[in-house]
Amino acid sequence: MSKQPDIVRAYERYMKLQRGFSPNTLDAYLHDLQKLLNYLEAEGKHPLEAQIDDLRTFAASLHDIGIGATSQCRILSGVRSFYKFMQMDGFRDDNPTELLESPVLGEHLPEVLSAEEVDMLENSIDLSKWEGQRNRAIIETLFSCGLRVSELTNLTLTNLYLQQNYIRVIGKGSKERLVPISQRAIRELEKWFIDRNLMTIKPSEEDYVFLNRRGSHLTRVMILIMIKKQAELAGIQKTISPHTLRHSFATALLEGGADLRAIQVMLGHETIGTTEIYTHMDMSQLRQQIIHHHPRNIK
């Protein structure tokens with residue numbers, strides 16, 4: 001079996017010499033191709049072994065981490081070009097991308113906030129109010145950890161490992177994952193705990209991180225209302241929800257150069273089993289992805 005670097009170099013020569021691509025176009029094609037190669041490597045697959053189901057799962061993962069339909073089409077076009085070349089040059093007998101579909105352009109995708117817009121959201125909060133610091137901690141935790149709103153409402157004190165910069169998240173299907181948390185989010189949580197420690201908390205609610213005035217854990221609707229209100233106060237025109245911060249987390253990492261597989265693992269995407277977290281990427285790798293690529297950790 002031909003080695004992957006040899007195939008990529010042959011493909012690069014083909015694009016440069018036979019197709020006459022400019023240096024910028026060539027770099028763009030190779031950059032997009034690397035997303036696929038990283039994904040396949042994490043799955044333990046060689047490009048020569050990948051089948052249509054592998055490529056469809058890769059395509060679905062692009063959508064799940066918030067890449068827009070236009071960018072998805074561009075990336076998949078490059079994947080088709082790569083496999084067409086491999087078939088033409090005799091590396092493969094078939095072309096699995098013949099049945100690979102691209103997303104329909106114009107479909108609605110969730111809004112994404114920049115780190116600056118998240119700052120605007122947090123700065124619009126009135127810290128003189130009882131719930132002010134709690135709301136800052138909520139927004140920062142959603143953005144820094146990429147949590148689903150249900151994961152945030154169910155977050156417990158016993159699942160915080162702040163000295164180790166991790167939190168344990170209970171996701172869909174009761175699957176657990178460890179997610180690195182930024183120092184900024186930790187600071188916001190520690191400030192919230194000062195207020196939280198003065199509260200009268202209802203029995204059986206003591207372990208929940210985020211509480212309402214009555215000492216009960218928050219609901220999804222409460223957080224949705226709060227974020228929409230803060231967006232209005234901050235002058236943010238986009239239609240956002242708690243899930244917007246999850247997409248913003250993934251997009252910020254992707255744009256910062258984080259590995260696609262790492263983002264999928266940190267999001268707890270449904271197609272990734274719990275054991276795969278430890279099979280394909282150890283937690284030190286995940287932590288480094290957050291430290292090096294998330295804007296909250298870039299000084």
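Residues numbered from 1 in each chain as written. Predicted model: local features only at pLDDT ≥ 70, side-chain atom pairs only at ≥ 80, totals over all residues. Heavy atoms only, no water.

1. Let's talk about unusual backbone geometry
Step number 1: Of note in this structure, Asn165 is not a glycine but carries a positive phi near 65°.
Step number 2: Mapped onto the fold, Asn165 is located in the loop between strand 1 (160-161) and strand 2 (166-170).
Step number 3: Note on Asn165: relative accessible area 15%, which makes it buried. (Helix = DSSP H or I, 4+ residues; strand = E, 2+ residues; numbered from the N terminus. Buried < 20%, exposed > 50% of the residue type's maximum accessible area, 1.4 Å probe, protein only.)

2. Focus: helix 8 (residues 183-196)
Step number 1: Between its first and last C-alpha, helix 8 extends 19 Å over 14 residues, near the 20 Å set by a 1.5 Å rise per residue.
Step number 2: All of the buried residues in helix 8 are Ala185, Ile186, Glu188, Leu189, Trp192, Phe193 and Arg196. For helix 8, the angular spread of buried residues about the axis comes to 160°, placing them on one side. (Expected span 1.5 Å × (residues − 1). Arc of directions from axis to C-beta.)

3. With respect to the pattern of salt bridges
Step number 1: Counted by the stated rule, this structure contains 15 salt bridges.
Step number 2: Between Lys35 and Asp32 there is a salt bridge, with the nearest N and O atoms lying 3.8 Å from each other. Here the residue Lys35 and the residue Asp32 both occupy positions in helix 2 (residues 23-42), the gap between them amounting to three residues, near one helical turn. Each of the two residues, Lys35 as well as Asp32, counts as buried.
Step number 3: A salt bridge links Arg148 to Glu151, with the nearest nitrogen and oxygen atoms 2.5 Å apart. Across this residue pair, the class does not change: Arg148 and Glu151 are buried.
Step number 4: Salt bridges sharing common partners tie together Asp119, Glu122, Arg136, Glu140, Arg184 and Glu188. (Salt bridge = Lys/Arg side-chain N within 4 Å of Asp/Glu carboxyl O.)

4. A word on the sheet that holds strand 3 (residues 176-180)
Step number 1: Strands sit in the order 1-2-3 across an open sheet of three strands; the sheet is antiparallel. In this open sheet, the two strands that pair with only one neighbour each are strand 1 and strand 3.
Step number 2: In the sheet, strand 2 pairs with strand 3 via five bridges, with the strands oriented antiparallel. Bridging across to strand 3, Ile170 finds its partner in Glu176. (Pairing = 2+ DSSP bridges.)

5. Some remarks on the environment of Asp126
Step number 1: By the element assignment, Asp126 lies in the loop between helix 5 (115-123) and helix 6 (132-145).
Step number 2: A relative accessible area of 38% places Asp126 in the partly exposed class.
Step number 3: Taking the C-alpha atoms as reference, Asp126 lies 9.5 Å from Arg136; in sequence the two are 10 residues apart.

6. Brief notes about the packing of helix 1 (residues 4-18) against helix 4 (residues 69-88)
Step number 1: Contact geometry for helix 1 and helix 4: axes closest at 11 Å, N-to-C directions at 100°. By the angle between their directions, the pair helix 1 and helix 4 is classed as roughly perpendicular. In this structure, helix 1 uses Ile7, Ala10, Tyr11 and Tyr14 to contact helix 4, whose residues at the interface are Gly78, Ser81, Phe82, Phe85, Met86 and Met88.
Step number 2: Of the residues contributing to the contact of helix 1 with helix 4, the split by class is eight nonpolar, two polar and no charged. (Axes fitted to C-alpha atoms, helices over the stretch in contact; angles between N-to-C directions. Parallel < 35°, antiparallel > 145°, perpendicular 65-115°, else oblique. Contact = heavy atoms within 4.5 Å. Nonpolar A, V, L, I, M, F, W, Y, C, P; charged D, E, K, R; others polar.)

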